[in-house]
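Letter by letter, the chains look like this.
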Amino acid sequence: VTNVPISVTLNDKTHDLAVAPNTVLADLLRDRFALNGCKVGCDEGVCGACTVLIDGVPAAACATFAFAVDRRSIMTIEGLARGVTLDRVQSAFLATGAFQCGFCTSGMILSIVALLARNSDPDDETIRDWLGGNICRCTGYRQIVDAIRHAVQAEAAEPVP
Amino acid sequence: MFTDGAAAHASSREANMLVGLRSRKHIPSFDLVRPANVEAACRALAISGRSVVMAGGLDLIDRLKGGESVDRIIHLAGVRELSGVRRDGDTILIGALTTHAQLTDSTVLADLLPDFPAIWRAIANPRVRFAGTLGGNLMSAAPHYDAWPALLALGADAVVFDCWGAPATVELSTLRGRDDVILGQVRICAASSQRRLLADRSLHPIVSVYLGACIDSGTVRSARIVAGCAHAQAVMIGLPVAGAPVASLGSDAGDLARLVAGALPEPINDGLASGSYRRRMIEVLARRLLIKIGSPS
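Note that the structure is a prediction, hence the values are computed from the model and not measured.

A. How the structure looks around the overall build of chain B. Regarding its fold elements, chain B presents twelve helices and twelve strands. Overall size of chain B, expressed as C-alpha extent along the three principal axes, is 80 × 50 × 30 Å. Entry remark: accessible area of chain B is about 13700 Å², with carbon and sulfur atoms responsible for 52%.

Set out below in structure tokens:
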């Protein structure tokens, strides 16, 4: 078994590296790049805590092989803010208290960023559909939905990527 | 008090306990093949040892975390000819690598079979719909997945490639458990008559029911009910309604649903539901779908 060369753009920076075929993306991000905002909860691709954006699309990093992101662009929660300026979804989470323990928050935020990039004013059904892939055991989701509404209304400090 | 060695052993044991019996840390090593076309993928399939084909990978990774071992993974992401939905005459061709999200956005399906994308918008969640593929859903053959009952209800068949690269058209029912072929496309007839597909399911994976019908100027040409989740594989029951007005499906819904439930083999008993409960739920959901398709709206 030989390592596989991949080229990946990670939070806007390109890396050429070799990975073992059986390495999953979550371990690549956490172990090699110390991007620990990618949380591993269920390790089954269900809970959404490990959600990252691959070419702008939400994906479960625990259920994605590292080799599968060759020549693709990954955004983790660490790459979302622009310098000291938070993304509007991050600001909305702060403003509405949309997290408690915080374990689901990075995946939740990235899913919502992807949602708002596709639908600037989602209806309740669409929000429920998208949040169906991210489990929060603390908030009961109400504050998270409030955060989405807040982000929709807020002026974005920076354009959403 | 632990000695250093004992402490290290305890620490290692605790770490292993955290990893548990099923984990990404348990995925065995394997060789990777990344073919650029179907021919190269088929050649890889012919190499000795156990090869598995990977589309979106969601189910495969899950199985590997459980300890399943393979010699080689054939990653099909580069085989672009297996993606997309197109029309070829009276047939809708859906590539095996077409994602669920692409199915919901397909203009071909929206034009020719609008029920299908409407149903597919409600399966799983966006993250799964972006990564999961129709082919992966079919070939993983999980009883609670939707592709089998939906495509059986539509009377679909499939094009597969063997290890020599030779294509063959096969019935869907022959695909289950096949790891010696690569699924190329699913084919759905889109002849002039109207194709309908309706579905309902329980909240938990206890039963799913799909109703497929071919309707021509208000007359039913054929109709079938497919029950998912309730058996090791989806079970299809044809309805004796050819030539009947479509409205009669609604007026006869109770009798037809009873006929379907009575014709089913014994559903499975498990921790979620008994076989008799499943049979009853299939009858209830089938009746609702028949009433719905038979109503003027």
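That was the structure; now back to the text.
B. Inspection of the environment of Val-85 of chain B at higher detail. Residue and element names in this part refer to chain B. Examined against the element boundaries, Val-85 turns out to sit in strand β4 (residues 85–88). Since its relative accessible area comes to 19%, Val-85 is described here as buried. With 20 residues separating them along the chain, Val-85 and Asp-105 place their C-alpha atoms 10 Å apart.

C. Structural view of the packing of helix α2 (residues 88–96) of chain A against helix α3 (residues 105–118) of chain A. Residues and elements named next belong to chain A. In contact at an axis separation of 9 Å, α2 and α3 are set at 125 degrees when each is read in the N-to-C sense. When the interaxial angle is binned, α2 and α3 end up oblique. Remark: the crossing between α2 and α3 carries right-handed chirality. Residues Arg-88, Val-89, Gln-90 and Phe-93 of α2 form the contact with α3, whose participating residues are Thr-105, Met-108, Ile-109, Ile-112, Val-113 and Leu-116.

D. Quick peek at the state of the cysteines. Taken as a whole, this structure holds zero disulfides over all chains when the rule is applied. Cysteine Cys-50 of chain A is unpaired, with the sulfur of Cys-62 of chain A as its nearest cysteine sulfur at 3.8 Å. For the unlinked cysteine Cys-214 of chain B, the closest cysteine sulfur is that of Cys-189 of chain B, found at 7.0 Å.

E. How the structure looks around the interface of chain A and chain B. The interface of chain A with chain B comprises 35 residues on the first partner and 26 residues on the second. Of the roughly 2300 Å² buried between chain A and chain B on both sides combined, carbon and sulfur atoms contribute 57%. If you look at where chain A meets chain B, you find eight salt bridges. Scanning the region where chain A abuts chain B turns up 13 residue pairs in polar contact (both at pLDDT 80 or more). If you list the elements that add at least two residues to the side of chain A that touches chain B, you get β1 (4–10), α1 (25–32), β4 (57–60) and α4 (124–131) of chain A. Among the elements that make up the side of chain A that touches chain B, the one with the highest residue count is β4 of chain A (four residues). By residue class, the composition of the side of chain A that touches chain B is 19 nonpolar, nine polar and seven charged.

F. Representation of the nonpolar core in the model. Core analysis: the biggest nonpolar cluster contains 38 residues, and Leu-25 and Phe-65 of chain A together with Ile-73 of chain B have the highest contact counts within it. The residues touching Phe-65 of chain A, leaving out its near neighbours within four places in the chain, are Pro-21, Asn-22, Thr-23, Val-24 and Leu-25 of chain A together with Ile-27, Phe-30, Met-54, Ile-61, Leu-64 and Ile-73 of chain B. Formed by 37 residues, the second largest nonpolar core is a distinct cluster that contains Ala-141, Ala-150, Leu-175 and Ala-190 of chain B.

G. Looking closely at the pattern of salt bridges. Taken as a whole, this structure holds 24 salt bridges over all chains when the rule is applied. Among the salt bridges present, the one from Asp-255 of chain B reaches Arg-258 of chain B, with a minimum N-O distance of 2.7 Å. Here Arg-258 of chain B and Asp-255 of chain B lie together in helix α11 (residues 253–263), a separation of three residues that amounts to about one turn. We classify Arg-258 of chain B as partly exposed; its relative accessible area is 48%. Three or more residues joined by partner-sharing salt bridges are found here, namely Asp-27, Asp-31 and Asp-43 of chain A together with Arg-24, Lys-25 and Lys-65 of chain B.

H. Expanded view of the pairing of strand β5 (residues 91–95) of chain B. Residues and elements named next belong to chain B. By the criterion of burial, β5 is predominantly enclosed, with five of the five residues buried. Residues Thr-91, Leu-93 and Gly-95 line one face of β5 and the alternating positions Ile-92 and Ile-94 line the opposite face, and both faces are buried. Both β4 and β5 contribute to a ladder of four bridges, which runs antiparallel. Paired with Asp-88 across the two strands is Thr-91, which belongs to β5. Where β4 hands over to β5, the hairpin turn is made up of two residues, of which Gly-89 adopts a positive phi near 65 degrees. Note: β5 against strand β8 (residues 182–189), five bridges, orientation antiparallel. In the sheet register, Gly-95 faces β8, and the bridge partner there is Gln-185.

Rules used in this analysis
- Residues numbered from 1 in each chain as written.
- Chains lettered and ligands numbered in written order.
- Predicted model: local features only at pLDDT ≥ 70, side-chain atom pairs only at ≥ 80, totals over all residues.
- Heavy atoms only, no water.
- Helix = DSSP H or I, 4+ residues; strand = E, 2+ residues; numbered from the N terminus.
- Areas by Shrake-Rupley, 256 points an atom, 1.4 Å probe, with all protein chains shown as cover.
- Buried < 20%, exposed > 50% of the residue type's maximum accessible area, 1.4 Å probe, protein only.
- Axes fitted to C-alpha atoms, helices over the stretch in contact; angles between N-to-C directions.
- Parallel < 35°, antiparallel > 145°, perpendicular 65-115°, else oblique.
- Left-handed = near helix turned anticlockwise from the far one by under 90°.
- Contact = heavy atoms within 4.5 Å.
- Disulfide = S-S within 2.5 Å.
- Buried area = accessible area lost by both parts, 1.4 Å probe.
- Salt bridge = Lys/Arg side-chain N within 4 Å of Asp/Glu carboxyl O.
- Polar contact = N/O pair within 3.5 Å; in protein donor to acceptor, adjacent residues only side chain to side chain.
- Nonpolar A, V, L, I, M, F, W, Y, C, P; charged D, E, K, R; others polar.
- Core = buried A, V, L, I, M, F, W, Y, C linked by side-chain atoms within 4.5 Å.
- Pairing = 2+ DSSP bridges.

Shape is all these values report; function is a separate question.
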